[in-house]
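Coordinate analysis (summary)
Residues per chain, in single letters:
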Amino acid sequence: AQKVTQAQTEISVVEKEDVTLDCVYETRDTTYYLFWYKQPPSGELVFLIRRNSFDEQNEISGRYSWNFQKSTSSFNFTITASQVVDSAVYFCALSEASSGAGSYQLTFGKGTKLSVIP
Amino acid sequence: NAGVTQTPKFQVLKTGQSMTLQCAQDMNHNSMYWYRQDPGMGLRLIYYSASEGTTDKGEVPNGYNVSRLNKREFSLRLESAAPSQTSVYFCASNSHQPQHFGDGTRLSIL
């Protein structure tokens, strides 16, 4: 069975600090997808990034970067020079390619609440 | 660009009442999903529909029924609401990755 663990329940940082959100996953599939979603205080879910299991290249998008390591089953998310607007709950999620004909069910971690203090 | 639209946004029910949450998407997606979000639990899949005419149980289906009315619409029904079903409900859709989410329905059962 697939599982996503976000061990950090809550993190507080001072503005402009860097912060890394950890995500560890479990799956038996060789083909799968990993995601990060952001949920700001307003409550909507905002898609940030998708990675497939065959692409271990790290990615940088502005102040955001992601480190995918299959050897440790981890997909960590780093925010550089954090800002107050980064305050949100961040979810890591996993979708197995075999999760159902034509569908891509997501298994979510429990989320990490990030508070950026001015 | 409406995307995924959920109605209502808020609802308060009494224990034992029934309720249907509506979800519609305008992106011509094949698959649709219902999740619930509880504090400290992340999002958990209730039911999904891989394509029009099919529905399947997710992780937490008890107490719920769904209907895939057509390709656009996927409704979630609580036949006899219980306090344990107090939650925020999200609908999502996709044909390929990623899933696109609605803004959620905040449901309270008293």
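Described below are features of the structure shown in this document. (Residues numbered from 1 in each chain as written. Chains lettered and ligands numbered in written order. Predicted model: local features only at pLDDT ≥ 70, side-chain atom pairs only at ≥ 80, totals over all residues. Heavy atoms only, no water.)

**Quick look at the interface of chain B and chain A**
Across the boundary between the two partners, chain B contributes 20 residues, which contact 22 residues of chain A. Taken together, the two surfaces of chain B and chain A that pack against each other cover about 1,600 Å², and 58% of this comes from carbon and sulfur. Among the residues chain B hides against chain A, the three largest losses belong to Leu43(B), Gln97(B) and Phe101(B). Together they make up 32% of the total. Our enumeration of links across chain B and chain A arrives at 0 salt bridges. Here chain B is connected to chain A by 4 residue pairs in polar contact (both at pLDDT 80 or more). The set of elements that each furnish at least two residues to the side of chain B that touches chain A consists of strand S4 (31-38), strand S5 (42-49) and strand S9 (87-94) of chain B. When grouped by side-chain class, the residues that make up the side of chain B that touches chain A number 10 nonpolar, 9 polar and 1 charged. (Contact = heavy atoms within 4.5 Å. Buried area = accessible area lost by both parts, 1.4 Å probe. Salt bridge = Lys/Arg side-chain N within 4 Å of Asp/Glu carboxyl O. Polar contact = N/O pair within 3.5 Å; in protein donor to acceptor, adjacent residues only side chain to side chain. Helix = DSSP H or I, 4+ residues; strand = E, 2+ residues; numbered from the N terminus. Nonpolar A, V, L, I, M, F, W, Y, C, P; charged D, E, K, R; others polar.)

**A few points about the packing of aromatic side chains**
For the coordinates displayed, the defined rule picks out 21 aromatic pairs over all chains. Seen from their ring centres, Phe91(A) and Phe108(A) are 6.1 Å apart, and the 90° between their planes marks the pair as edge-to-face. Of this pair, Phe91(A) sits in strand S10 (residues 88-96) while Phe108(A) is found in strand S11 (residues 107-108), placing the two residues 17 residues apart along the sequence. We classify Phe91(A) as buried; its relative accessible area is 1%. With a relative accessible area of 7%, Phe108(A) lands in the buried category. Measuring from ring centre to ring centre gives 5.7 Å for Tyr35(B) and Phe101(B), while their planes differ by 40°; the resulting arrangement is tilted. Pair noted here: Tyr35(B) is in strand S4 and Phe101(B) is in strand S10 (residues 100-101), with a separation of 66 residues, a long-range link. The pair formed by Tyr35(B) and Phe101(B) is uniform in burial state, with each residue classed as buried. (Phe/Tyr/Trp six-rings, centres within 6.5 Å; stacked < 30°, edge-to-face > 60°. Buried < 20%, exposed > 50% of the residue type's maximum accessible area, 1.4 Å probe, protein only.)

**Details of the sheet that holds strand S7 (residues 65-68) of chain B**
All names here are of chain B. One open sheet accounts for 4 strands, arranged S1-S3-S8-S7; its pairing is antiparallel. Looking at which strands have only one partner, the edges of the open sheet turn out to be strand S1 (4-7) and S7. Taken over all neighbouring pairs, the strand axes of this sheet differ in orientation by 15° on average, direction set aside. Pairing analysis gives 4 bridges linking S1 to strand S3 (residues 19-25), with the strands arranged antiparallel. Within S3, the position partnered with Thr5 by the bridge is Ala24. (Pairing = 2+ DSSP bridges. Axes fitted to C-alpha atoms, helices over the stretch in contact; angles between N-to-C directions.)

**With respect to the nonpolar core**
Residues and elements named next belong to chain A. Counting 23 residues, the largest nonpolar core has Trp36, Phe77, Tyr90 and Leu114 as the members making the most contacts within it. Within the residue set of this core, elements represented by two or more residues are strand S2 (10-14), strand S3 (19-21), strand S5 (32-39), strand S8 (64-69), strand S9 (74-79), S10 and strand S12 (112-117). Sort the elements by how many residues they give to this core and S10 lands first, with 4 residues. (Core = buried A, V, L, I, M, F, W, Y, C linked by side-chain atoms within 4.5 Å.)

**Quick word on the side chain of Ser93(B)**
All names here are of chain B. With respect to the helices, strands and loops of the structure, Ser93 is situated in strand S9. You can call Ser93 buried: its relative accessible area is 0%. In contact with Ser93, other than residues within four places in its own chain, are Val4, Gln25, Met27, His29, Ser31, Met32, Tyr33, Pro98, Gln99 and His100.

**Remarks on the pairing of S8(A)**
Residue and element names in this part refer to chain A. Summarising the sheet, strand S7 (residues 59-61) and S8 pair through 3 bridges and their orientation is antiparallel. Each residue of the ladder has a partner; that of Ile60, found in S8, is Ser65. Remark: 2 residues form the turn of the hairpin made by S7 and S8, two consecutive strands paired antiparallel; Gly62 in that turn has positive phi of roughly 65°. Where S8 folds back onto S9 in an antiparallel hairpin, the turn is made up of 4 residues, including Ser73, whose phi is positive at roughly 50°.

**Some words on unusual backbone geometry**
Following Thr7(B), the chain continues into Pro8(B) via a peptide bond in cis, with omega recorded as -10°. Examined against the element boundaries, Pro8(B) turns out to sit in the loop between S1 and strand S2 (10-13). Although it is not a glycine, Ser73(A) sits at a positive phi angle of roughly 50°. With respect to the helices and strands, Ser73(A) occurs in the loop between S8 and S9.

**Some words on the side chain of Thr105(B)**
Residue and element names in this part refer to chain B. The residue Thr105 is located in strand S11 (residues 105-109) in this model. Within the local environment of Thr105, its side chain forms a polar contact with the side chain of Gln6, the two groups lying 3.4 Å apart. Within polar-contact distance, the side chain of Thr105 engages the backbone oxygen of Pro8 at 2.6 Å. Discounting chain neighbours no more than four positions away, the residues touching Thr105 are Gln6, Thr7, Pro8, Lys9, Leu21, Ser87, Val88 and Tyr89.

On their own, these measurements won't tell you what the molecule is for.
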